Structures are given as C-alpha cells and as structure tokens.
Amino acid sequence: MEKKVQVRPATFEELARINEIRRYVNDVHVAGRPDTFRPGFCPELEQVLYKRFEMENWVILAAVLEGQITGFASVEYLDRPESPYNLARKMYHVEEFGVDPNFHRRGVATALVEYMKQDAAQRGYPRIELDMWEFNQGALAFYENVGFQTYRRYMELWVDEKGEDVCV
C-alpha cells in the first residue's frame, strides 16, 4: 500500500530542509536561464524563507512522505485594491513550489496543490495563481494536468547577443 503525502504549514525547524529543496529548484532555474538566475544558493536567498515565515500574509507549506519533508510551497495571500486599471481581487499566490527530485512522481506535488485548493477556498481566495519559466516544460505539463490555465504571458526580444553576460 502506497503511503499518503501529508501537507501542512511548516514549522520553523523544518525550514532548513525546505531550503535544501529550494537549492535544487534554484539550480534548475540556473540551468534553464543562466542569463537570469544567479548560480549557488547565497545566504540572502536562504534567509528569504525565514523572513516569509514570520510574515502574516505568507505561509510555508511542507509536504511530508515517509517521515520526511519531500516538497514545499511558499504562498502569499494577496488582497489587491481596486485601481484605475483593475478591479479589487484576492489571490492565493504561489511564489515558490518544489519537490525533492528523489520523490518526483509520488504524488507530492499533487498533494500540495490539493491542499492549496482547500486552503484557498477556506480563506475566501477564489483562485490560486503562480508563474513559471517557459523552459520548465515538466512543470508546465504538471500544472496544466492539475487544472492551471495560462491567462497572461510575458515575452522577450533580445536586442544584443542572447545570453551574453553584461554583469560585472
């Protein structure tokens, strides 16, 4: 019998393990867009999670399987006021999402999404929103498979040699 993934808010003590998964996710992004993402996992990036943990409008979710943290989501509760351009809206915004590669295809990501759907509904958020990078086709296939739909697209046009590092 396959064990069930448990999803719940993370504890402070679990943030170090979640940062290990975040390091993996960062490496995926560096490999996919080395022109955009910094290699390595600097202390400032590690501390982002600890800062979010302390904020009222954030929750760090932990997915637990076989007694260990196997995935996470960093979620911001957004309440946008009406503006000249947009109506007021509430969004359950997934800022970061990741699964330990040793636990891919074991239901971890699906369990995270199911938990987020229930949590968003209970909190009165009518939709879950996230963004992702186009190179990450595996993530795109997963998100579409669980019901996410593209509603906005970012595009780019390089005016210089693509990928050339102009940073000093």
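One can find the structure itself at the top, above this paragraph.
Residues numbered from 1 in each chain as written. Predicted model: local features only at pLDDT ≥ 70, side-chain atom pairs only at ≥ 80, totals over all residues. Heavy atoms only, no water.

**Q** Quick rundown of the nonpolar core? Include the residues and the values.
**A** Within the largest apolar cluster, 28 residues are counted, with the highest numbers of intra-cluster contacts made by Leu-61, Val-75, Tyr-92, Phe-97, Val-108, Leu-112 and Met-116. Counting residues per element, the ones that place at least two in this core are strand E2 (58-65), strand E3 (68-80), strand E4 (89-99), helix H3 (108-122), strand E5 (128-130) and helix H4 (137-145). Of all the elements, H3 adds the most residues to this core, at 7 residues. Apart from the residues lying within four places of it in its own chain, the contact partners of Tyr-92 are Leu-61, Val-75, Glu-76, Tyr-77, Met-116, Asp-119, Ala-120, Tyr-125, Arg-127, Ile-128 and Glu-129. (Core = buried A, V, L, I, M, F, W, Y, C linked by side-chain atoms within 4.5 Å. Buried < 20%, exposed > 50% of the residue type's maximum accessible area, 1.4 Å probe, protein only. Helix = DSSP H or I, 4+ residues; strand = E, 2+ residues; numbered from the N terminus. Contact = heavy atoms within 4.5 Å.)

**Q** Before we move on, can you summarise the packing of aromatic side chains with the specific residues and values?
**A** Geometrically, a pair of aromatic rings is defined through the distance of the ring centres and the angle of the planes. One pass over the structure, following the stated rule, counts 10 aromatic pairs. Seen from their ring centres, Tyr-77 and Tyr-92 are 5.7 Å apart, and the 50 degrees between their planes marks the pair as tilted. In this pair, Tyr-77 sits in strand E3 while Tyr-92 sits in strand E4, placing the two residues 15 residues apart along the sequence. Ring-pair connections join several aromatic residues into one group, and the members of that group are Phe-97, Phe-142, Tyr-143 and Phe-148. Just above the ring of Tyr-125 sits the side chain of Lys-90; from NZ or CZ to the centre is 4.5 Å. Here the guanidinium or amino end of Arg-127 rests over the ring plane of Tyr-151, the centre of that ring lying 4.8 Å away. (Phe/Tyr/Trp six-rings, centres within 6.5 Å; stacked < 30°, edge-to-face > 60°. Lys NZ or Arg CZ within 6 Å of the ring centre and 35° of its normal.)

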